[in-house]
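Observations on chain architecture
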Amino acid sequence: MEKIYDSIFKTMVTKNPNLLIPLINEMFGTDYEQGTRMVLWSDNHQTEEMVDEGNGEIITDSYIIIKGNNYHIECQSNPDGTIVLRMIEYDFHIALDNALNEGSSILKFPRSAVLYLRHNSKTPDKVKLKVRFPEGEEVDYSVPIIKAKNITKETIIEKKLYFLLPYYIMRIEDDSLINVMADMNEIIVSMEKCYEDGVLTDYDLESVYNHIQRIVNNIYNSSEIKEGVDDIMRGTVLYTHADELLDKGRDVGRDEGREEAFAAFKLYNSGIHTVDGLVEKGVERTVAERLIESMEG
């Protein structure tokens, strides 16, 4: 189960920067604008000593650089008493990698936070660790905890925290299915507005939809939950703007009677919107012309 949550988190971090920027702003109190350039660093941190000793890799969920500022986020499905130890280990290796790459004698730790998808009454707002050096000097290391279930529907809509929507279904563990579905429907409507305003892309919406389905299909063995999710998705932009295009591509493929038509649709959906451009990619001109007519007519 943990791997599904991790996989969804890492996938959205890597492929959906439009969704990630608002989450970073919420977690770290920043105000980066949508579209701000970011660098997603490798999540495998391995020093030469680790290779020599066969100790493997330190793998983080996300390490992001924005305007020279370093951020490290871990996603946890449940409270974990050892998270602070792992966080300082990850942060140390991030700082060490940077120092080695820059030839610096200063270890600069990233700004870090943990996203908890679940929490209980004993879950703190920060995890802390005291580092004591041989001479007796002590330094406090602390990492804020962001509790996903404490972030309200209103806050998600206001701050565009759609990154959290795939995990929203997990609130049925604490609330009724009807209430959770109603909240998700409101959030989806606000996402549709963001799409219309050009803030989000088809890919962002389709990604969120697919990740919701992955969690439902892999975690909750309930036809009622699956039907509820299908109901709130049906007829929204998450269906019409992704699946309608797909349906058009399939229709063209059936009309032409060949698989090449559907392959041409995929090229169109990747950004090639001219007949000549499709032909250059190997699509027959008649198929390309039919596709462009269908998609833009």
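Scope of this entry: the structure provided in the associated data block. (Residues numbered from 1 in each chain as written. Predicted model: local features only at pLDDT ≥ 70, side-chain atom pairs only at ≥ 80, totals over all residues. Heavy atoms only, no water.)

1. Re a nonpolar patch on the surface
Together, F92, L107 and F109 make up an exposed nonpolar region whose accessible area comes to about 250 Å². Relative to the helices and strands, F109 resides in the loop between α4 (83-102) and β6 (111-116). Look at F109 and you get partly exposed, because its relative accessible area is 37%. (Patch = residues over 30% accessible without salt bridge, like charges linked within 9 Å, V, L, I, M, F, W, Y side chains within 5 Å. Areas by Shrake-Rupley, 256 points an atom, 1.4 Å probe, with all protein chains shown as cover. Salt bridge = Lys/Arg side-chain N within 4 Å of Asp/Glu carboxyl O. Helix = DSSP H or I, 4+ residues; strand = E, 2+ residues; numbered from the N terminus. Buried < 20%, exposed > 50% of the residue type's maximum accessible area, 1.4 Å probe, protein only.)

2. With respect to the packing of aromatic side chains
The tally for this structure, following the rule as stated, stands at five aromatic pairs. On the numbers, 6.1 Å between centres and 85 degrees between planes, the contact of Y32 with Y71 is edge-to-face. Here Y32 is found in the loop between α2 (17-28) and β1 (39-40), whereas its partner Y71 is found in strand β5 (residues 69-76), with 39 residues between them in sequence. We note that Y32, like Y71, is buried. An aromatic cluster is defined as three or more aromatic residues linked by ring pairs; in this entry it consists of F28, Y32 and Y71. (Phe/Tyr/Trp six-rings, centres within 6.5 Å; stacked < 30°, edge-to-face > 60°.)

3. Description of α4
Spanning 20 residues, α4 covers 28 Å between terminal C-alpha atoms, matching the ideal 28 Å at 1.5 Å per step. Along α4, the residues classified as buried are I83, V84, M87, I88, Y90, D91, H93, I94, A95, D97, N98 and A99. Of the residues flanking the end of α4, it is G103, one or two places downstream, whose phi is positive at about 65 degrees. (Expected span 1.5 Å × (residues − 1).)

4. So, the nonpolar core
In this structure, I64, L115, L165, Y167, I169, M184 and I215 are the most contacted members of the largest nonpolar core, which totals 59 residues. Per-element tally for this core: the top contributor is helix α7 (residues 177-196), with nine residues. In contact with I215, other than residues within four places in its own chain, are I4, Y5, I8, P166, Y167, I169 and Y220. V84, M87, Y116 and V127 belong to the second-largest nonpolar core, a separate cluster that totals eleven residues. (Core = buried A, V, L, I, M, F, W, Y, C linked by side-chain atoms within 4.5 Å. Contact = heavy atoms within 4.5 Å.)

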